[in-house]
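Each chain, written out:
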Amino acid sequence: MLQLQNVSKQFGDKEVLSDISLSIQTGEIVSLLGKSGSGKTTLLKIILGLVKMDNGKILFNEDNVSKVPMEKRGFNIVFQDYALFPHLNAYDNIRYGLKNKKGSITEQEIQEYIDFLELQPHLTKRIHELSGGQKQRVALARTLVTKPKILLLDEPLSALDGVIKESIKERIKTIAKEFKLTTILVTHDPEEAMTMSDKILIINDGKVSQFGTPEDIMQRPQNEFVRSFILKQLEMKRQSILSLYGGAHV
Ligand SMILES: Nc1ncnc2c1ncn2[C@@H]1O[C@H](COP(=O)(O)OP(=O)(O)O)[C@@H](O)[C@H]1O
Ligand SMILES: [Mg+2]
């Protein structure tokens, strides 16, 4: 279980996160949902150990890891821009994170991730030769082979569309459930959060607006922000789909 207790962070005079508390059970997928600039990426980096919080505590399986450095926390992230190395091919990118972790994963296990993400045909390609979805899967594989205790994903779907997006969505869900891997993903898209997550933390201007299951949020929105930002966007999307089909029967 991962617990955040009253996490706060300021950049200069600006309070970017204030008093964020939540608990995440092992194997759950939790979305951090909010507008651009609301502090989502900062919170992800604080959990990772890349950014220091000003106040608060992070507990992992009851241990206080607040002061544990990033390398020792054992969590790992896929950054929004994937941050792949252009001078290495796909396979060497995937192996890159293992440079200092000899023996922690066998070649057979690496191949299993590669097969699961259907990357076999692309292993010798350079990064610029890959499509958006292929880059995303290489980035995911590179992170998974380090066997993180928590998987952090910053807007993993925002650069993808259509069928590719749906297939990556399903893969992320399968990974979380099959490997019982706690997964925290950042998104600004309410529909993505609703369809991906066991629970959603809605952040507004650095504060928790609501934390609950998708059902809770749909049926019991706790404040005007949830109603106006989250539910309205979903309704608008639904309406635009209906209008495409004439709207008569749905
Ligand atoms: N390293 C930094 N130094 C100063 N301000 C920052 C830094 N990182 C983020 N911010 C500011 O903190 C706020 C939240 O940013 P961020 O966490 O990236 O939001 P989100 O991911 O929700 O778009 C923004 O106003 C951003 O400009
Ligand atoms: Mg961000």
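Scope of this entry: the structure provided in the associated data block. Small disclaimer: the values here were computed from a predicted structure and weren't measured.

**Here we look at the overall build of the protein chain**
Okay, so step 1: Scanning the protein chain for helices and strands turns up nine helices and ten strands.
Okay, so step 2: Its C-alpha atoms give the protein chain a radius of gyration of 19 Å, near enough to 18 Å, the size a compact globule of 250 residues would have.
Okay, so step 3: For the C-alpha atoms alone, the extent of the protein chain along its principal axes is close to 50 × 50 × 35 Å.
Okay, so step 4: The buried share of the protein chain, taken over its 250 residues, is 49%.

**Details of the pairing of strand 10 (residues 207–212)**
Okay, so step 1: By the bridge criterion, five bridges tie strand 9 (residues 199–204) to strand 10 in an arrangement that is antiparallel. Across the sheet, Ile200 pairs through a bridge with Gly212, a residue of strand 10.

**A few points about the site of ligand 1**
Okay, so step 1: Close contacts around ligand 1 come from Phe11, Lys14, Val16, Lys35, Ser36, Gly37, Ser38, Gly39, Lys40, Thr41 and Thr42, and that covers them all.
Okay, so step 2: Between ligand 1 and the protein, one listed contact pairs an oxygen atom with a backbone N or O atom of Gly37 at 2.7 Å.
Okay, so step 3: At 2.5 Å from an oxygen atom of ligand 1 is found a side-chain nitrogen or oxygen belonging to Thr42.
Okay, so step 4: Every element with two or more residues in the shell around ligand 1 is listed here: strand 2 (14–24) and helix 1 (40–48).
Okay, so step 5: Here the element with the most residues in the shell around ligand 1 is helix 1; it accounts for three residues.

**Some thoughts on the sheet that holds strand 6 (residues 76–78)**
Okay, so step 1: Taken together, the six strands give an open sheet; going across it, the order is 6-7-8-3-9-10, and neighbouring strands pair in mixed fashion. Two strands in the sheet have a free side with no partner beyond their single neighbour: strand 6 and strand 10. Averaged over all pairs of adjacent strands, the angle between strand axes in this sheet comes to 20°, irrespective of strand direction.
Okay, so step 2: Lying on the sheet, helix 1 is in contact with strand 3 (29–33), strand 6, strand 7 (150–154), strand 8 (182–187) and strand 9; it crosses strand 7 at an angle near 155°.

**Quick look at the sheet that holds strand 5 (residues 63–64)**
Okay, so step 1: Pairing is antiparallel across the open sheet formed by four strands, whose spatial order is 2-1-4-5. A single partner strand is all that each edge strand has here, and the edge strands are strand 2 and strand 5.
Okay, so step 2: As paired elements, strand 4 (residues 55–60) and strand 5 share two bridges and run antiparallel to each other. In the sheet register, Leu59 faces strand 5, and the bridge partner there is Asn64.
Okay, so step 3: With respect to the sheet, helix 1 is in contact with strand 1 (2–11), strand 2 and strand 4, its orientation differing from that of strand 1 by roughly 120°.

**Describing the packing of aromatic side chains**
Okay, so step 1: The final tally for this structure, using the stated rule, is four aromatic pairs.
Okay, so step 2: Here the aromatic rings of Tyr113 and Phe179 are separated by 5.5 Å at their centres, their planes lie at 35°, and the arrangement is tilted. Note that Tyr113 is positioned in helix 4 (residues 107–116) and Phe179 in the loop between helix 6 (162–178) and strand 8, a separation of 66 residues in sequence.
Okay, so step 3: Ring plane angle 25° and centroid distance 5.0 Å describe the contact between Phe225 and Phe229, whose orientation is recorded as stacked. Residue Phe225 and its partner Phe229 are both found in helix 9 (residues 224–244); the two are separated by four residues, about one turn of the helix.
Okay, so step 4: A cation sits over an aromatic face here: Lys35 above Phe229, 5.5 Å from the ring centre.

About the cut-offs
- Residues numbered from 1 in each chain as written.
- Chains lettered and ligands numbered in written order.
- Predicted model: local features only at pLDDT ≥ 70, side-chain atom pairs only at ≥ 80, totals over all residues.
- Heavy atoms only, no water.
- Helix = DSSP H or I, 4+ residues; strand = E, 2+ residues; numbered from the N terminus.
- Rg over C-alpha atoms; globule rule 2.2 N^0.38 Å.
- Buried < 20%, exposed > 50% of the residue type's maximum accessible area, 1.4 Å probe, protein only.
- Pairing = 2+ DSSP bridges.
- Near = heavy atom within 4 Å.
- Polar contact = N/O pair within 3.5 Å; in protein donor to acceptor, adjacent residues only side chain to side chain.
- Axes fitted to C-alpha atoms, helices over the stretch in contact; angles between N-to-C directions.
- Contact = heavy atoms within 4.5 Å.
- Phe/Tyr/Trp six-rings, centres within 6.5 Å; stacked < 30°, edge-to-face > 60°.
- Lys NZ or Arg CZ within 6 Å of the ring centre and 35° of its normal.

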